[in-house]
Amino acid sequence: MKISITDVLVVGGGLAGLRTAIGAKRRGLETLILSLVPAKRSHSVAAQGGMQASLANGVKGEGDNEDVHFEDTVRGSDWGCDQRVARMFAHMAPKAVRELAAWGVAWNRVQRGEREVVINGQRVTLTEKAAAHGLITARDFGGTRKWRTCHTSDGTGHAMLYTVSDQAIAEAIPVRERIEALALIHDGERCHGVVTRDLISGELSACLARATVLATGGYGRIWGISTNALINEGMGAALALETGVARLGNMEAVQFHPTAIVPAGILVTEGCRGDGGLLLDRDGHRFMPDYEPEKKELASRDVVSRRMAEHMRAGKGVQSAYGEHLWLDITNLGAAHIDRNLREVKDICRYFLGIDPAKDPIPVRPTQHYSMGGVRTDHRGESPWLSGLFSCGEAACWDMHGFNRLGGNSVAETVVAGMLVGEYVADYCQSRVGQADLSQALARQFVERERAALAAIVAHPGGENPIALRADMERVMTDKVGLFRNGPDLQSAVAELSELLARSRRVGIRGKHLDANPELVLAYRLPRMLKVALTVALGALNRVESRGAHFREDFPARNDRDWLNRTLACWREGDELPTLDYEALDVMHMELPPGFRGYGVKNIIEHPHSALRQAEVDEFRAGHLDRYKLQLALMSFKQLLPVRYRGRNARLDETLP
């Protein structure tokens, strides 16, 4: 049995994993990346619209800064996020986008003078300042007060991933491709590394590390239709869950994107609406102003998705052979704009729908898109329950998104979290002496456990079909744990998923070989996917309120009095359901106390401390401090950052001291 040893082991080769590895390697640590696919095929490559950073270069970004970005993020989260982490993120985002520019990402740039844009369905002429010429520009995105989404047309993820991957190559960081992590090696207190399986040869081995980072992406593929890549099955969350020690956070917080094409479920970017596209119903009526007269198509994603579903429920959807949908119309943007700024959207429409979006509306409907939940970590990206286990990106509940993320914040989070967690991981490793405390005996024990589990699957004569069981799981999640939720459906979902979990332990497979065997892979991943699905369904059942993307039709109010908390889930050995606990959010230490998001009708059960904290905040604001001193007085966060990243961000309208 092979046992390899390294300082830092990163599981996942997307943007978050690569940037974490680069940070650790630059601190002098031996670093290794494991990836299911070649790194440049990771799901990060699919991000289209852009990453948010408050650069304030363009005329529609004037006045933007970390304060505005922070407040947009907190409101977008429906007050479910960790406000210190949201502050760290808003502070770091401009540094991240500028670092990427220095590395070679070809961001779209400001061009001086007049240009035509579409705002609220109307053509408007903007005049860009000569002083901003050549600086990074930004487009509009939902839920923001300023245009701050930096982009490379609509291929932002592609440009970012290839650039960051090339930096990892330049740092000589090895990436072991087509390698899967089967289990975390741990002693109940500390993570020692992972058991790995070569997806081609089937060989099992162990990789021991002083720090292990899960950067495996989300868990969208437990639903029947998702914008996620096929590899996004939630295995990182499952690995943490199966330790029985580490916790997952806010697993019921799942975002549905408004504009996935029908029937394939492939995403077309929010940049379509940010650039001026409109949502239309079967009659060609633009319906979003009827529901959200202020933000219209650029309300927060959870809001737009629900409004679309409500409109279809009202009988205004377009009937098709593939189900009901609505139209996304970007014909008003013109062919030249689409060819320049929405090229991937044009290709998707051409190859998957056979239409030209410059001439034809695009059939869309809300589809599962993003996981706000994940491996619960502290602000440093480390599990508070299992030392040496870190997580970042969509795999983590860090928690800057709370119960709904803003478009563009997740792509920014990958590199921001990678920058920070890379430093924190290095601090952790350099504070420990050597590698002598990594247990090879423990590694052998875990490898043999996994080897026996695989042999048992191959030898089992049971008649359960893993393909059929997975299809049932996807159906349950789609039908009963979707955009709208209610008690009876969720109770039924928990019961059905529990039964499927029991049945998944009796699967029989036809191919009995242990090397490249997709049937075997499904058989051992399926119980883990079902455990992840159960944490989502049970968390949603127990959370009897509506917050962000979690919407209970039977409990439509946001209940800050009883539910201003974070769900924690662990799965102890022998249990048939996860154990849920809750982590309260402290209102009296919030910089932005809970308030009204500004969508629909105000429906909030107030927290008893919200008014008290708001009075304190108002008193501080009346003191006429400059924004930096005011922020420090309200909620200090810079001491949490690595020293190298504490400096202020430069802008055209701000002079640095």
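Before reading further, recall that the structure is shown in the block above.
All residue numbers here refer to positions counted from 1 along the written sequence of the relevant chain. Local features in this predicted model are restricted to residues of pLDDT 70 or higher, and side-chain atom pairs are both shown and tallied only at a pLDDT of 80 or more, whereas totals for entire chains, interfaces and linings draw on every residue. Where side-chain values are given, they derive from all heavy atoms of the structure, hydrogens and water being excluded.

Tell me about the overall build of the chain, and please be specific about residues and values.
A tally of helices and strands in the chain yields 18 helices and 22 strands. Whereas a compact globule of 657 residues would reach a radius of gyration of roughly 26 Å, the chain reaches 24 Å, a difference of no more than 12%. The C-alpha extent of the chain, read off along each of the three principal axes, is 70 × 60 × 50 Å. Put simply, the chain has 657 residues, and 63% of those count as buried. Only DSSP runs of H or I with at least four residues qualify as helices, and only runs of E with at least two residues qualify as strands; both kinds are numbered from the N terminus onward. All radius of gyration figures rest on C-alpha atoms, and the globule criterion is 2.2 Å times the number of residues raised to 0.38. Throughout this description, buried means an accessible area under 20% of the type-specific maximum (1.4 Å probe, protein chains only), exposed means over 50%, and partly exposed covers the range between.

Quick rundown of the pattern of salt bridges? Include the residues and the values.
The term salt bridge refers to a pairing of a side-chain nitrogen on Lys or Arg with a carboxyl oxygen on Asp or Glu at a separation within 4 Å. Under the counting rule described, the total for this entry stands at 69 salt bridges. Between E233 and R525 there is a salt bridge whose closest N-O contact spans 2.9 Å. Of this pair, E233 sits in the loop between β10 (204-214) and α5 (235-241) while R525 sits in helix α15 (residues 518-542), and the two are 292 residues apart along the sequence. As far as burial versus exposure is concerned, E233 and R525 are alike and both buried. Its salt-bridge partner being R613, residue E616 comes within 2.8 Å of it at the nearest N-O pair. Residue E616 and its partner R613 are both found in helix α17 (residues 610-621); the two are separated by three residues, about one turn of the helix. You can call E616 partly exposed: its relative accessible area is 32%. Because the salt bridges share partners, they merge into one network encompassing D78, E252, D302, R306, R543, E545, R547, R558, D560 and R597.

Residue-level account of the packing of aromatic side chains, with values.
Only rings of Phe, Tyr and Trp enter the pairing, Trp through its six-membered ring, and a pair is recorded when the two centres are within 6.5 Å. The plane angle decides the type: under 30 degrees is stacked, over 60 is edge-to-face, the rest tilted. Throughout the structure, instances matching the rule amount to five aromatic pairs. Ring centres of W223 and F256 lie 6.4 Å apart, and the angle between their planes is 85°; on these two criteria the pair is classed as edge-to-face. Of this pair, W223 sits in the loop between β10 and α5 while F256 sits in strand β12 (residues 254-261), placing them 33 residues apart in sequence. Here W223 and F256 have matching classes, each one buried. Their ring planes at 85° and their centres at 5.7 Å tell us that F484 and F551 sit as a pair that is edge-to-face. A residue pair is termed long-range when its members are at least 10 positions apart, and F484 in the loop between α13 (466-480) and α14 (487-504) and F551 in the loop between α15 and β19 (558-559) qualify at 67 residues. If you follow R87 out to its NZ or CZ, it ends over the ring of F70, 4.6 Å from the centre. Geometry around Y628 places R648 over its ring, the cationic atom sitting 3.7 Å from the centre. Each ring is checked for a lysine NZ or an arginine CZ that lies within 6 Å of its centre and within 35 degrees of its normal; such an atom marks a charge sitting over the ring.

A description of the layout of surface pockets should follow, citing residues and the corresponding values.
In this structure, the second largest pocket occupies an estimated 860 Å³ of space. Looking at the second largest pocket, it is lined by 31 residues, and the ones nearest its centre are E242, E450, A453, R528 and K531. Those elements that place two or more of their residues in the lining of the second largest pocket are β8 (179-186), α12 (440-459), α14 and α15. Considering every element that reaches the lining of the second largest pocket, the biggest residue donor is α12, with seven residues. Each residue gets one label: Ala, Val, Leu, Ile, Met, Phe, Trp, Tyr, Cys and Pro are nonpolar, Asp, Glu, Lys and Arg are charged, and the others, such as Gly, are polar. A breakdown of the residues in the lining of the second largest pocket according to their chemical character gives 15 nonpolar, six polar and ten charged. Detection works on a 1 Å grid of protein atoms alone, calling trapped sets that fit a 1.4 Å probe cavities and calling open sets with protein on both sides within 12 Å along at least five of seven lines pockets, with lining residues defined by an atom within 4 Å of a point. Grid points are joined across faces, edges and corners, and a volume is the space filled by probe spheres set on the points.

A description of the environment of D581 should follow, citing residues and the corresponding values.
One can find D581 in strand β21 (residues 579-584). Look at D581 and you get partly exposed, because its relative accessible area is 47%. Not counting chain neighbours up to four residues away, the residues in contact with D581 comprise R566, T567 and L568. A contact between two residues is defined here by any heavy atoms of the two lying within 4.5 Å.

Tell me about the sheet that holds strand β20 (residues 565-570), residues and numbers included.
Whether two strands pair comes down to DSSP finding at least two bridges between them. Spatial ordering of the open sheet is given by β18-β16-β11-β20-β21, a layout of five strands whose pairing is mixed. Of all the strands in the sheet, the pair left with one neighbour each is β18 (396-397) and β21. As paired elements, β20 and β21 share six bridges and run antiparallel to each other. Looking at the pairing, T567 lines up with Y582 of β21. Sitting on the sheet, α15 is in contact with β11 (248-249), β20 and β21, with an inclination near 55° to β21. Every angle, taken between N-to-C directions, lies between 0 and 180 degrees, and every axis is a line fitted to C-alpha atoms, over only the stretch in contact when it is a helix.

Could you give an account of empty space enclosed by the protein, naming the residues involved and the relevant values?
Evaluated as defined, the whole model comprises one cavity of 30 Å³ or more. Volume-wise, the largest cavity comes out at about 100 Å³.

An account of the packing of helix α1 (residues 15-26) against helix α11 (residues 409-430) is requested, with residue identities and associated values reported.
At a closest axis distance of 7 Å, the pairing of α1 and α11 adopts a crossing angle of 30°. The angle between α1 and α11 places the two elements in the roughly parallel class. Remark: the crossing between α1 and α11 carries right-handed chirality. Here L15, A16, R19, T20, G23 and A24 of α1 come into contact with α11, specifically with T414, V415, G418, M419, V421, G422 and E423. Across the contact of α1 with α11, the residue classes break down as six nonpolar, five polar and two charged. What sets the label is the angle itself: under 35 degrees gives roughly parallel, over 145 gives roughly antiparallel, 65 to 115 gives roughly perpendicular, and the rest give oblique. Throughout, a crossing is termed right-handed when the near helix is turned clockwise from the far one, and left-handed when it is turned anticlockwise from it by less than a right angle.

Any details on the nonpolar core? Residues and values, ideally.
One finds I222, M473, M477, L497 and V536 to be the most contacted residues of the largest nonpolar core, which totals 82 residues. For this core, the element with the highest residue contribution is α15, accounting for 16 residues. Filtering out sequence-adjacent residues up to four positions away, L497 remains in contact with M473, V476, M477, L530, A533, L534 and A537. Residues V97, I173, Y428 and L641 belong to the second largest nonpolar core, which totals 57 residues. Nine residue types can take part in a nonpolar core, namely buried Ala, Val, Leu, Ile, Met, Phe, Trp, Tyr and Cys, and a core is a set of them joined through side-chain atoms within 4.5 Å.

Could you give an account of unusual backbone geometry, with specific residues and numbers?
Of the consecutive residues V262 and P263, the connecting peptide bond is found in the cis state with omega at 10°. The residue P263 is located in the loop between β12 and α6 (271-274) in this model. A positive phi angle, near 55°, is found at R178, a position not held by glycine. Relative to the helices and strands, R178 resides in the loop between β7 (175-177) and β8. R178 gets classed as partly exposed once you look at its relative accessible area, which sits at 34%.

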